[in-house]
Amino acid sequence: MRRLVESGVTEFNVNLPAHEAALFDAQPRTRGRFPRRVAAVRNILATAGPDRLRLTHVVNARNAAHLPACAALAADAVPGLRHVSWNLVKVLGYVRADTGLVPRLCEAGPPLREALAVCRDRGLKAYVDGVPLCHLEGFEDRSVDLQKIPDGDFAHAFEKTHRAACAACTLSALCSGPREDYVGLYGDGELKASARDPLPRGRLQRQLLGGERRG
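Values in this document were obtained by computation on a predicted structure and should not be read as measured data. (Residues numbered from 1 in each chain as written. Predicted model: local features only at pLDDT ≥ 70, side-chain atom pairs only at ≥ 80, totals over all residues. Heavy atoms only, no water.)

Student: Residue-level account of the environment of Asp188, with values.
Tutor: Looking at the secondary structure, you find Asp188 in the loop between helix H7 (180-186) and helix H8 (201-208). Take Asp188: its relative accessible area is 27%, and that puts it in the partly exposed class. Asp188 sits ten residues away from Pro178 along the chain, and the two C-alpha atoms are 8.1 Å apart. (Helix = DSSP H or I, 4+ residues; strand = E, 2+ residues; numbered from the N terminus. Buried < 20%, exposed > 50% of the residue type's maximum accessible area, 1.4 Å probe, protein only.)

In structure tokens:
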């Protein structure tokens, strides 16, 4: 770690998809590595200093119900984090042979919003990718889309697509829609058009971001 920091590495991104050992091992298909992963995370924090460490939680069917506990672990056990990323699992790798690992948005959405509330209440920054704004009600400002879209440019969101329901959504100018691999599995029936007042794009974005445009 010291050699990495001395070589100029400024940010470390660590996958920590669970808050306890059994759930951790069930996801990357390992045994006994959870204590070592937590120790490594704390070592990074102690060596690199504050605001250098990001935790990534790949949201899947096995851990979706436990996301609030994962958020509490990140806030309480690893103080000094730069932020936490909550990324909906993609249909890649062995997920292609086990698509049941992909949770439905209507099932993952409530615990994800609860986890985001935990992060907010504990003063921990959190961002979400792969979940459209209609399933982030109250936490739209945590969307990676909203952070990255420069004046409606969706160039970064090549894996995502607007669907029929998005045409009537007042937030569609700030949302890339669901990922295509998700729609291929479950369709687009879970999308729900927002009826939020359609402010001009810049004003709406600033409102959702609390007046701050982030890179």
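Student: Mind laying out the side chain of Ser143, listing which residues take part and the relevant values?
Tutor: Looking at the element boundaries, Ser143 is found in the loop between strand E4 (126-129) and helix H6 (144-148). Reaching out from Ser143, the side chain makes a polar contact with the backbone nitrogen of Asp145 at a distance of 3.1 Å. Those residues in contact with Ser143 that sit more than four places away from it in its chain are Val128, Leu133 and Leu136. (Polar contact = N/O pair within 3.5 Å; in protein donor to acceptor, adjacent residues only side chain to side chain. Contact = heavy atoms within 4.5 Å.)

Student: Could you give an account of the sheet that holds strand E2 (residues 53-59), with specific residues and numbers?
Tutor: In space, the four strands of this open sheet follow the order E1-E2-E3-E4, with parallel pairing throughout. Each of the sheet's edge strands pairs with one partner strand only, and the pair in question is strand E1 (12-15) and E4. Across the sheet, the axes of successive neighbouring strands diverge by a mean angle of 25°, strand direction being ignored. Where E1 lies against E2, four bridges are found, and the strand directions are parallel. When the sheet's bridge partners are listed, Asn15 is paired in E2 with Thr56. (Pairing = 2+ DSSP bridges. Axes fitted to C-alpha atoms, helices over the stretch in contact; angles between N-to-C directions.)

Student: Summarise the environment of Phe34; cite the residues concerned and give the values.
Tutor: Relative to the helices and strands, Phe34 resides in helix H3 (residues 34-48). By relative accessible area, which is 11% here, Phe34 ends up buried. Ignoring sequence-local partners within four residues, the contact set of Phe34 consists of Leu16, Ala18, His19, Glu20, Ala21, Phe24, Asp25 and Leu73.

Student: Explain the state of the cysteines to me, using residue names and the numbers behind them.
Tutor: On inspection of all chains with the given rule, the structure shows zero disulfides. Free of any disulfide, Cys175 has its nearest neighbouring cysteine sulfur in Cys166, separated by 6.3 Å. The exposure class assigned to Cys175 is buried, which follows from its relative accessible area of 8%. (Disulfide = S-S within 2.5 Å.)

Student: Lay out the packing of aromatic side chains with the relevant residues and their values.
Tutor: Each pair of aromatic rings is reported with the distance of its centres and the angle of its planes. Going through the model one piece at a time under the given rule, you end up with two aromatic pairs. Arranged with centres 5.6 Å apart and planes meeting at 55°, the rings of Phe24 and Phe34 form a pair that is tilted. Separated by ten residues along the polypeptide, Phe24 in helix H2 (residues 21-26) and Phe34 in helix H3 bring together distant segments of the chain. When sorted by exposure, Phe24 lands in the same class as Phe34, which is buried. (Phe/Tyr/Trp six-rings, centres within 6.5 Å; stacked < 30°, edge-to-face > 60°.)

Student: Break down helix H4 (residues 67-77) for me, citing the residues and quoting the values.
Tutor: Among the eleven residues that make up H4, eight are buried, leaving the element largely enclosed by the rest of the structure. Where H4 is concerned, the buried positions are Leu67, Pro68, Cys70, Ala71, Leu73, Ala74, Ala75 and Ala77. Each element contacted by the buried residues of H4 is listed here: H3, E2, strand E3 (83-88) and helix H5 (105-121).

Student: So, the nonpolar core: which residues are in play, and what are the values?
Tutor: Among the nonpolar cores identified, the biggest contains 54 residues, and Leu53, Leu81, Trp86, Leu112 and Leu116 are the most heavily contacted of them. Those elements that place two or more of their residues in this core are E1, H2, H3, E2, H4, E3, H5 and E4. A per-element tally of this core places H5 first, with eight residues. Residues within four places of Leu116 in sequence aside, it is in contact with Trp86, Ala126, Val128, Leu136, Phe139 and Arg142. (Core = buried A, V, L, I, M, F, W, Y, C linked by side-chain atoms within 4.5 Å.)

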